[in-house]
Amino acid sequence: MTTDRRTLLGAGLCMTAAFASRAGLAAMPAQAQGCEWPAASGELRHYACDWIPAAAALGGNVEDRAAASRDFGNIVQKQPRAVVKPASAADISAVLRAAGKSEQKVAARGQGHSTYGRALAEDGVVIEMNSLDTIHEIGADRIVVDAGATWARVLDATLAKGLTPPVLTNYLGLSVGGTIAVGGIGGSTSRHGMQTDNVLALDVVTGSGEQLTCSRQSNPDLFDAVRAGLSQCGLITRATLKLVSAPKRVRRYQVFYPDLASLATVQRRALQDDRFDQLQGAILPDGKSGWRYQLEGALFYDAASPPDDNAVFAALSANRETSVTTDLSFHDDALAFAKLEALLRSKGLWSSPHPWLFSFLPNVNAEEVTEEILGHLSAEEIGPLGRVTFYPLRHVSGTPLVRWPNGGVAFCVNVVHIQPFPDAPSVKQALAKNRLLYDRIRRAGGVQYPVSALPMTPQDWEQHFGPAWSMLSEARRRYDPLGLLTPGYNLFGS
Ligand SMILES: Cc1cc2nc3c(=O)[nH]c(=O)nc-3n(C[C@H](O)[C@H](O)[C@H](O)COP(=O)(O)OP(=O)(O)OC[C@H]3O[C@@H](n4cnc5c(N)ncnc54)[C@H](O)[C@@H]3O)c2cc1C
């Protein structure tokens with residue numbers, strides 16, 4: 001027996017699930033089923049350690065482990081010891097209890113769209129949450145769904161009843177648990193806050209393997225520590241999410257301005273007038289080494305009362321000749337990002353490195369700092385399909401761990417590179433620039449949205465969370481005393 005195998009067996013952590021695909025399970029002999037873990041669910045059974053071939057016991061499905069060693073960012077690579085595909089929260093509890101015995105690090109993986117290794121665990125255990133994606137119940141104002149489901153799946157199910165979550169991310173291929181772990185921002189955030197503000201209750205398996213339900217009324221400290229808590233205290237297995245009536249159609253206006261100051265002025269006015277159901281915008285490469293400044297506003301409506309385009313364009317002081325208007329069903333509008341995804345996949349750009357930087361800048365100096373950021377970037381560097389997102393948001397979030405600059409309004413400024421990156425040094429250079437820009441953003445009173453690609457120290461995180469740091473640290477001590485969970489952020493050091 002190898003040392004590695006002995007260590008695992010000693011811990012009772014047999015990693016059966018690493019190779020227990022549902023198809024594979026069906027083919028296994030009955031006498032192989034058994035012993036170590038609680039037989040919590042019908043689908044994922046547990047197998048006696050001795051039965052498991054050594055390679056499999058060490059998470060031997062090479063493909064699963066390779067997939068779980070990378071993320072969308074394609075910058076950081078960490079090889080897990082095992083990959084687990086749970087069939088229930090009890091399976092996750094069993095994994096965490098066993099991991100605790102040998103102090104193995106554990107990370108959940110939703111859809112793997114992190115950009116800097118936040119869902120990876122070097123030599124640890126990765127739990128594939130997408131094996132838990134059942135929709136349990138849809139009521140008049142809520143949905144109960146497993147946290148591994150994507151937002152696209154949630155939307156499909158709720159739209160069938162004329163309902164929608166109040167805040168959807170721009171890209172719906174993210175998992176419910178993955179965005180609740182970071183916040184979840186979307187076009188409707190100025191109206192409805194972050195996705196974490198629209199969570200009614202969560203089922204969580206804590207770092208010590210305890211299965212708890214939390215909400216504002218029940219275990220509120222855990223509820224506050226898990227929402228936007230970067231997965232440091234527990235893994236979300238099931239979420240009860242608020243629903244509202246879904247609009248039928250969306251008319252979307254893209255209007256261009258000559259410079260950043262004009263764009264910001266009109267955006268601020270539009271926000272103040274509450275003119276749109278969704279207000280966003282971006283600075284885009286113009287194809288001639290310069291930039292275009294774009295406002296994007298969306299109005300929800302029902303067929304009987306379409307928006308008055310003349311009034312919209314007049315309010316935006318828009319040049320109608322260069323403006324673009326689209327009109328789609330709510331469903332097609334919400335899924336519009338999928339077209340960009342298909343395009344990027346076809347060009348190989350979906351799998352290229354993505355050293356993206358996401359931030360919120362204070363309203364008072366948003367243009368000044370963004371101009372500085374643009375001064376450090378060239379349109380070529382961002383890539384013809386890349387962008388610097390730029391739009392104001394009203395702070396209506398009541399999630400304690402969502403960080404926000406002082407003041408009610410902040411600008412969401414995201415540097416989104418979409419280009420092939422010829423070699424490792426060019427990625428390293430982009431990361432170094434992210435650090436430089438992040439330091440400038442902090443000095444300006446801004447904060448990062450913690451899905452950015454840059455290395456962070458525990459001191460950086462303490463500064464990031466500010467007054468909320470002690471609450472998060474205390475919850476970590478209580479709910480994950482061995483510090484097993486989610487090493488990829490380096491929040492508490494190793
Ligand atoms: C193309 C693209 C578009 C994006 N658009 C938006 C957007 O519009 N709005 C926005 O807010 N963000 C956006 N993001 C960022 C995205 O929200 C985060 O990266 C999110 O964490 C990814 O979700 P995921 O399911 O892929 O999570 P993963 O990358 O798999 O995981 C993210 C983190 O959450 C943890 N985690 C995963 N599942 C769980 C769980 N069930 N319980 C506890 N912790 C868990 C992981 O361990 C990891 O630390 C975008 C990212 C990409 C790549």
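About the cut-offs
- Residues numbered from 1 in each chain as written.
- Predicted model: local features only at pLDDT ≥ 70, side-chain atom pairs only at ≥ 80, totals over all residues.
- Helix = DSSP H or I, 4+ residues; strand = E, 2+ residues; numbered from the N terminus.
- Buried ≥ 20, exposed ≤ 12 C-beta atoms within 10 Å, placed from the backbone.
- Contact = placed C-beta atoms within 7 Å.
- pLDDT = per-residue confidence, 0-100.
- Core = buried A, V, L, I, M, F, W, Y, C linked by C-beta atoms within 7 Å.
- Pairing = 2+ DSSP bridges.
- Axes fitted to C-alpha atoms, helices over the stretch in contact; angles between N-to-C directions.
- Arc of directions from axis to C-beta.
- Near = placed C-beta within 6 Å.
- Nonpolar A, V, L, I, M, F, W, Y, C, P; charged D, E, K, R; others polar.
- Domains from an automatic or database assignment.
- Left-handed = near helix turned anticlockwise from the far one by under 90°.

1. So, the overall build of the chain
1) Next: Of the regular secondary structure elements, the chain holds 18 helices and 18 strands.
2) Next: Looking at the chain as a whole, 47% of its 494 residues are labelled buried.
3) Next: Restricting to contacts in the chain with at least 6 residues of sequence separation, those with at least 24 account for 71%.

2. Remarks on the confidence of the model for the chain
1) Next: For the chain, mean pLDDT is 89; residues scoring 70 or higher make up 88% of the total.
2) Next: Segment residues 1-60 is flagged for pLDDT under 50; beyond a separation of four residues in sequence, or across chains, it makes 102 contacts in the model.

3. Overview of the nonpolar core
1) Next: Counting 121 residues, the largest nonpolar core has Val-95, Val-106, Val-125, Ile-127, Leu-222, Val-226 and Ala-239 as the members making the most contacts within it.
2) Next: It is helix H5 (residues 89-102) that contributes the most residues to this core, seven residues altogether.
3) Next: Residues contacting Leu-222, with those up to four places away along its chain left out, are Val-204, Leu-212, Cys-214, Cys-233, Gly-234, Ala-475 and Tyr-479.

4. A closer look at unusual backbone geometry
1) Next: Although it is not a glycine, Leu-230 adopts a positive phi angle of roughly 55 degrees.
2) Next: Note on placement: Leu-230 falls in the loop between helix H9 (220-226) and strand S9 (234-242).
3) Next: Exposure remark for Leu-230: the 23 C-beta atoms within 10 Å place this residue in the buried category.
4) Next: Residue Thr-486 is not a glycine yet carries a positive backbone phi of 50 degrees.
5) Next: Relative to the assigned elements, Thr-486 resides in the segment after helix H18 (469-479).

5. Brief notes about the sheet that holds strand S7 (residues 199-206)
The strands making up a sheet associate through backbone hydrogen bonding, with each pair oriented either parallel or antiparallel.
1) Next: With respect to topology, five strands assemble into an open sheet ordered S4-S5-S9-S7-S8, the strand pairing being antiparallel. Each edge of the sheet is formed by a strand with only one pairing partner; in this case those strands are strand S4 (135-138) and strand S8 (211-215). Here the average twist between neighbouring strands, direction ignored, is 15 degrees.
2) Next: Two elements, S4 and strand S5 (residues 142-146), share three bridges in a ladder whose sense is antiparallel. From the neighbouring strand, Glu-137 faces S5, where its bridge partner is Val-144.
3) Next: Of the strands in this sheet, S7, S8 and S9 touch H5, which is tilted by about 40 degrees from S7.

6. Digging into the sheet that holds strand S2 (residues 106-109)
1) Next: With parallel pairing, the three strands of this open sheet are ordered in space as S1-S3-S2. Because the sheet does not close on itself, it has two edges, and the strands there are strand S1 (82-84) and S2. For this sheet, the mean angle separating the axes of adjacent strands, direction not counted, is 25 degrees.
2) Next: Strands in contact with H5 are S1, S2 and strand S3 (125-128); relative to S3, the strand with the most contacts, it is inclined by about 175 degrees.

7. Quick notes on helix H14 (residues 366-375)
1) Next: Those residues of H14 not exposed but buried are Ala-366, Val-369, Thr-370 and Ile-373. One side of H14 holds all its buried residues, which, seen down the axis, span an arc of 100 degrees. Facing away from the buried side of H14 by more than 90 degrees, the exposed set consists of Glu-368, Glu-371 and Gly-375.
2) Next: Considering only its buried residues, H14 is in contact with helix H10 (260-272), strand S15 (357-362), strand S16 (387-394), strand S17 (409-416) and helix H16 (424-443).

8. Observations concerning the site of the ligand
1) Next: Near the ligand there are 34 residues, and of these Gly-110, His-113, Ser-175, Gly-177 and Gly-178 occur at the shortest range.
2) Next: Counted by class, the shell around the ligand contains 14 nonpolar, 17 polar and three charged residues.
3) Next: The residue makeup of the shell around the ligand includes at least three contributed by each of domain 1 (3-131) and domain 2 (135-245 + 472-481).

9. Remarks on the pairing of S8
The side chains of a regular strand alternate, residue by residue, between the two faces of the sheet.
1) Next: In this sheet, S8 lies alongside S7 in antiparallel orientation, the contact comprising five bridges. Paired with Val-204 across the two strands is Leu-212, which belongs to S8.
2) Next: Adjacent in sequence and paired antiparallel, S7 and S8 are bridged by four residues, among which Gly-209 carries a positive phi angle near 90 degrees.

10. Regarding H18
1) Next: Of all the residues in H18, the buried ones are Leu-472, Ala-475 and Tyr-479. The arc that holds the buried residues of H18, viewed along the axis, is 65 degrees, so those residues lie on one side. Opposite its buried face, H18 presents the exposed residues Ser-470 and Arg-477, each directed more than 90 degrees away.

11. A few points about the environment of Tyr-449
1) Next: Locating Tyr-449 in the fold gives a position in the loop between strand S18 (447-448) and helix H17 (458-465).
2) Next: Along the backbone, Tyr-449 and Val-402 are 47 residues apart, and their C-alpha atoms lie at a distance of 8.5 Å.
3) Next: Excluding anything up to four places from it in sequence, Tyr-449 contacts Gly-183, Ile-185, Phe-358, Ser-359 and Phe-360.

12. Quick word on the environment of Val-447
1) Next: Mapped onto the secondary structure, Val-447 falls in strand S18.
2) Next: Val-447 sits in the buried class, given 22 other C-beta atoms within 10 Å.
3) Next: Sequence separation between Val-447 and Trp-404 is 43 residues, and the spatial gap between their C-alpha atoms is 6.4 Å.
4) Next: Aside from chain neighbours lying at most four places away, what touches Val-447 is Ser-359, Phe-360, Arg-403, Trp-404, Pro-405 and His-464.

13. Thoughts on the packing of H10 against H14
Geometry of a packed helix pair, given as the angle between the helix axes and the separation of the axes.
1) Next: Running from amino to carboxyl end, H10 crosses H14 at an angle of 145 degrees, the nearest separation of the two axes being 10 Å. Where H10 crosses over H14, the handedness of that crossing is right-handed. Only Ala-366, Glu-367, Thr-370 and Glu-371 of H14 make contact with H10, whose side of the interface consists of Leu-260, Ala-261 and Ala-264.
2) Next: Of the residues assigned to the contact of H10 with H14, the class counts are four nonpolar, one polar and two charged.

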